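Descriptive analysis of the structure
Each chain is listed here by its residues.
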Amino acid sequence: MKPSIRTLSLQELSILIDWAAAEGWNPGLDDAAMFQAADPEGFIGAFVGGEMVAAISAVAYGRDFGFIGLYICHPDMRGRGYGKAVWNAGMARLAGRTIGLDGVEEQRANYQRKGFEPVYETIRYSGRLANRSAGGGSVPTTTARLTSDIGIPDIVAYDTLCFPAPRTSFLRRWLQPPHRALAAVTSRKMAGYAVARSCRDGFKIGPLFADDAQMALELLGDLAIACQGGDLNIDVPATGADFIAALEAAGFSPTFSTTRMYQGPPPQLDANRIFGVTTLELG
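Cut-offs used in this document
- Residues numbered from 1 in each chain as written.
- Predicted model: local features only at pLDDT ≥ 70, side-chain atom pairs only at ≥ 80, totals over all residues.
- Heavy atoms only, no water.
- Helix = DSSP H or I, 4+ residues; strand = E, 2+ residues; numbered from the N terminus.
- Rg over C-alpha atoms; globule rule 2.2 N^0.38 Å.
- Buried < 20%, exposed > 50% of the residue type's maximum accessible area, 1.4 Å probe, protein only.
- Phe/Tyr/Trp six-rings, centres within 6.5 Å; stacked < 30°, edge-to-face > 60°.

Turning to the overall build of the protein chain, a few remarks are in order. Summing up its helical and strand segments, the protein chain has eight helices and 13 strands in all. Relative to its length of 283 residues, the protein chain is compact, with a C-alpha radius of gyration of 19 Å against a globular reference of 19 Å. Its C-alpha atoms give the protein chain principal-axis dimensions of roughly 65 × 35 × 35 Å. Residues counted as buried form 52% of the 283 residues belonging to the protein chain.

This next bit is on the packing of aromatic side chains. For the coordinates displayed, the defined rule picks out twelve aromatic pairs. A centroid spacing of 6.1 Å and a plane angle of 25° characterise the contact between Tyr61 and Phe65, whose relative ring orientation is stacked. Comparing Tyr61 with Phe65 shows no difference in burial state: the two are buried. Seen from their ring centres, Trp87 and Tyr111 are 5.7 Å apart, and the 25° between their planes marks the pair as stacked. With a gap of 24 residues between them, Trp87 in helix α3 (residues 82-93) and Tyr111 in helix α4 (residues 105-113) connect regions that are remote in the sequence.

In this section: unusual backbone geometry. In this structure, Pro178 follows Pro177 across a cis peptide bond, with omega equal to 10°. Within the secondary structure layout, Pro178 lies in the loop between α6 (168-174) and β8 (180-185). Residue Gly206 is joined to Pro207 through a cis peptide bond whose omega torsion reads 0°. Mapped onto the fold, Pro207 is located in strand β10 (residues 203-210). For Asn26, which is not a glycine, the phi torsion comes out positive at approximately 55°. For Asn26, a relative accessible area of 14% corresponds to the buried category. Not every positive phi belongs to a glycine, and Leu70 is a case in point at roughly 50°.

Read these as spatial facts, not as claims about activity.
In structure tokens:
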């Protein structure tokens, strides 16, 4: 039966997030409303007989960039072309843009056949910080402040160093409680920011953007306190060798990996400031 394709409601997006949990993706407790703020039209479902059978996120960031994620077909409905239908709808929605995704190893070749090229590996590190910082107890060089004290324009300005397009509407929601959001501020300027969100299991840290690894570690340490000792999960670009070494020294372990891939010219970003990606679903 040919499915109908349409934008998901918030309730349907919540169902998709539950599907992600069933797949073992450990989504955030408030992801549906937070994700929808990025692009309300960017979550697409295939429906048969009024029931959702497959879905995808195809979030547009301005006219030049988009991101594919949350690509799931209900287990009982696989092998019938419904996944392909939402994939085609998502890609058509983002046509003309550079499109990113984070793919697992077993799907990498499939995405390459669809025109996506690998750029870097992302490794999920999980663990707890026994002390304030993973940086060996060094004296902090920054002051951590609530992002609500900084102002959205400054956050967006820093974010655009590390993300391919302004995402003001998303950040206005992502930085709000119940998320825990902190900014690193030196005597002269903003030097980074980070967000923790409660998940089905522990917390995910993302984004974690900072001027250097030490500032990233200080932000991570402050978020660990805000999370009251819960398990932390952070998706780290594999190129960040010094940061990864500090995480491993603090007892974090690699638990999962994906490959960041792009169809179209890869964005030109300040990779040295990216210590944790925002989400694997939205980029």
